[in-house]
Each structure stands twice: as C-alpha cells, then as structure tokens.
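The lines below spell out each chain.
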Amino acid sequence: MLLTGYVKDISLPVCNSSFQSLHCIAHLNEDISEVLPYLNTELGGHQYTQEPPSVTFKIHGRLITIHPDKIAINALESAEQADKILEWLKKEINDIWERRNEIEPSYKRAATPALLDILKLLPRTNCKKCGQATCLVLATQIMEGGKGPDHCPPLNEAERLKLEGYLNQFSLAR
Ligand code: SF4
C-alpha cells in the first residue's frame, strides 16, 4: 500500500462564506509523487505539472489537486463529502499504484479551451448576475473548470447549448 492515511483540514475561504465552498486539505502520511503520472493517465488529469509535481482533476464542478504530500479539494458542501472523496482517492491511489506496471504514465496536461472563445459565447454585458464583477471573470472560471454555462443566468437555451458544445470538446461542460 502506497498511501496509508492522511490528516484532514477543513476551512471556509474568507472571501466566500457560503456553505458550498468549504476547502479541504488532506496532509498525506506518505510521499506519493511517483504515482502522479499514473493517476494522470487513469483518472484523466485536467492539468499536470512536473515541477513541482502535481495533477489536477475536475470532478462534479470542483477541482481536486494532488501533490506529493497533500490533496486539495474546493467547492465542498460538507465535511462528510470531503471524507467520501478522500476515501475514494485513497483507494484509487493504492489501486493504481498496484497496477502501475500495466499503465503508461502520462506527463501531459489535457488541452484547455481558449479564454476569448468562452468570452465570445457569454453575453458580455457585465450584468453581475453570476456573482462576478465582469463576464471575463466568469469566463476565466469556466476555462479553469470551476464553473460552467449554468452559472450565467442570462444565457438562453440556445446560447447555453452552444457554450456547452464548445466546452464538451475539452470535457468541461457542467
Ligand atoms: S451573468 Fe453572464 S452576462 Fe452577467 S456578468 Fe456574469 S457572465 Fe456576464
């Protein structure tokens, strides 16, 4: 077994006290740097960095970043949800480590959408209904995978589908 356990630390970001925005950092008992390229292959990493090593996944609208000594998860609804995700990740990390001889490690990051392409598909009225100061801010969050077309209320159905279609090329629609 590569990863035997972790110590969980849950926090509320100062900038957003919404209960849906808990952050979790799990401090790992072991250094898991060697498994990161195998996780990137098996779980479809959104972003892979070699130096310092880390791999980021986008799962159900939240970002999960795995470092050699810690796992960071954002946009959580509860501590119980953090426990479920961490236990799933621990199982995946150990399972993938056991099977590493059958897996081709990947050191590449997935292709990402272009910020200006996303911005062009938003209304660009800066109405702030998404809770952001400008459309550019939401476009950046969409590009990074933390938000999706549903976060822009003024988009009509056809516009939303168009943006989803664009993001689907990168598996980013939410
Ligand atoms: S809700 Fe949509 S149109 Fe309004 S500021 Fe946000 S992204 Fe722009």
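Residues numbered from 1 in each chain as written. Predicted model: local features only at pLDDT ≥ 70, side-chain atom pairs only at ≥ 80, totals over all residues. Heavy atoms only, no water.

Chemist: What am I meant to see in the site of the ligand here?
Modeler: Residues in close proximity to the ligand include Pro-123, Thr-125, Asn-126, Cys-127, Lys-128, Lys-129, Cys-130, Cys-135, Leu-138, Cys-152, Pro-153 and Pro-154, which together make up its full environment. One can see that the ligand is located within the largest cavity. (Near = heavy atom within 4 Å. 1 Å grid on protein atoms, 1.4 Å probe; cavity = no way out; pocket = protein on both sides within 12 Å on 5 of 7 lines; lining within 4 Å. Sits in = over half its atoms within 2 Å of the grid points.)

Chemist: Can you walk me through the nonpolar core in this structure?
Modeler: In a soluble, globular protein the nonpolar side chains are often hidden away together inside. One finds Ile-32, Val-35, Leu-39, Ile-66, Ile-71, Ile-73 and Ile-93 to be the most contacted residues of the largest nonpolar core, which totals 28 residues. Of all elements in the fold, only β2 (22-28), α1 (36-43), β4 (54-59), β5 (62-66), β6 (70-76) and α2 (79-98) reach the threshold of two or more residues within this core. The element that contributes the greatest number of residues to this core is α2, accounting for seven residues. Contact partners of Leu-39, with chain neighbours within four places excluded, come to Gly-44, Phe-57, Ile-66, Glu-92, Ile-93 and Ile-96. If you look at the next biggest cluster of nonpolar residues, it comprises 13 residues, including Leu-119, Leu-121, Ala-139 and Tyr-166. (Core = buried A, V, L, I, M, F, W, Y, C linked by side-chain atoms within 4.5 Å. Buried < 20%, exposed > 50% of the residue type's maximum accessible area, 1.4 Å probe, protein only. Helix = DSSP H or I, 4+ residues; strand = E, 2+ residues; numbered from the N terminus. Contact = heavy atoms within 4.5 Å.)

Chemist: What should I look at first to understand the pattern of salt bridges in this one?
Modeler: Side chains that differ in sign of charge can pair as their charged atoms come close. Under the definition given, this model contains six salt bridges. A salt bridge links Asp-83 to Lys-8; the shortest N-O distance between them is 2.6 Å. On the criterion of sequence distance, the pair formed by Asp-83 in helix α2 and Lys-8 in strand β1 (residues 6-11) is long-range, its members being 75 residues apart. You can call Asp-83 partly exposed: its relative accessible area is 32%. A salt bridge links Glu-42 to Arg-99; the shortest N-O distance between them is 3.0 Å. Of the two residues, Glu-42 is situated in helix α1 and Arg-99 in the loop between α2 and α3 (115-120); the sequence distance between them amounts to 57 residues. What makes Arg-99 partly exposed here is its relative accessible area of 25%. One network of salt bridges, with partners in common, ties together Asp-150, Glu-157, Arg-160 and Glu-164. (Salt bridge = Lys/Arg side-chain N within 4 Å of Asp/Glu carboxyl O.)

Chemist: Can you help me understand the sheet that holds β1 in this one?
Modeler: Across the sheet, six strands lie side by side as β1-β2-β6-β5-β4-β3; this open sheet has antiparallel pairing. The outermost strands of the open sheet, each flanked by one partner alone, are β1 and β3 (47-49). On average, adjacent strands in this sheet sit at an angle of 15° to one another, irrespective of strand direction. Pairing of β2 with β6 involves five bridges; the strand directions are antiparallel. Counterpart to Cys-24 in the pairing with β6 is Ile-73. Lying on the sheet, α1 is in contact with β3, β4 and β5; it crosses β4 at an angle near 25°. (Pairing = 2+ DSSP bridges. Axes fitted to C-alpha atoms, helices over the stretch in contact; angles between N-to-C directions.)

Chemist: Whenever I open this one, empty space enclosed by the protein confuses me. Can you help?
Modeler: Where empty space is left can be seen by rolling a probe of water-molecule size over the atoms. Applying the stated criterion across every chain yields a total of one cavity of 30 Å³ or more. Counted as a void, the largest cavity has a volume near 80 Å³. Taken together, the residues of the lining of the largest cavity sort by class into eight nonpolar, three polar and one charged. (Points joined across faces, edges and corners; volume = space filled by probe spheres on them. Nonpolar A, V, L, I, M, F, W, Y, C, P; charged D, E, K, R; others polar.)

Chemist: Is there a simple way to explain the side chain of Ser-54 in this structure?
Modeler: Structurally, Ser-54 can be placed in strand β4. Look at Ser-54 and you get buried, because its relative accessible area is 10%. Ignoring anything within four residues of it in the chain, the contact list for Ser-54 reads Leu-36, Gln-47, Tyr-48, Thr-49, Thr-65, Ile-66 and His-67.

Chemist: Please clarify how the domain arrangement of the protein should be interpreted in this entry.
Modeler: How large an interface is tends to be reported as the accessible area lost when its parts come together. Domain parsing of the protein yields domain 1 (6-102) and domain 2 (115-168). A straight line from the C-alpha centre of domain 1 to that of domain 2 covers 26 Å. With four residues of domain 1 at the contact, the number on the domain 2 side is four residues. When domain 1 packs against domain 2, close to 270 Å² is buried across both sides, 52% of that on carbon and sulfur atoms. The interface formed by domain 1 and domain 2 contains zero salt bridges. Among the residues making up the side of domain 1 that touches domain 2, the classes are represented as one nonpolar, two polar and one charged. (Domains from an automatic or database assignment. Buried area = accessible area lost by both parts, 1.4 Å probe.)

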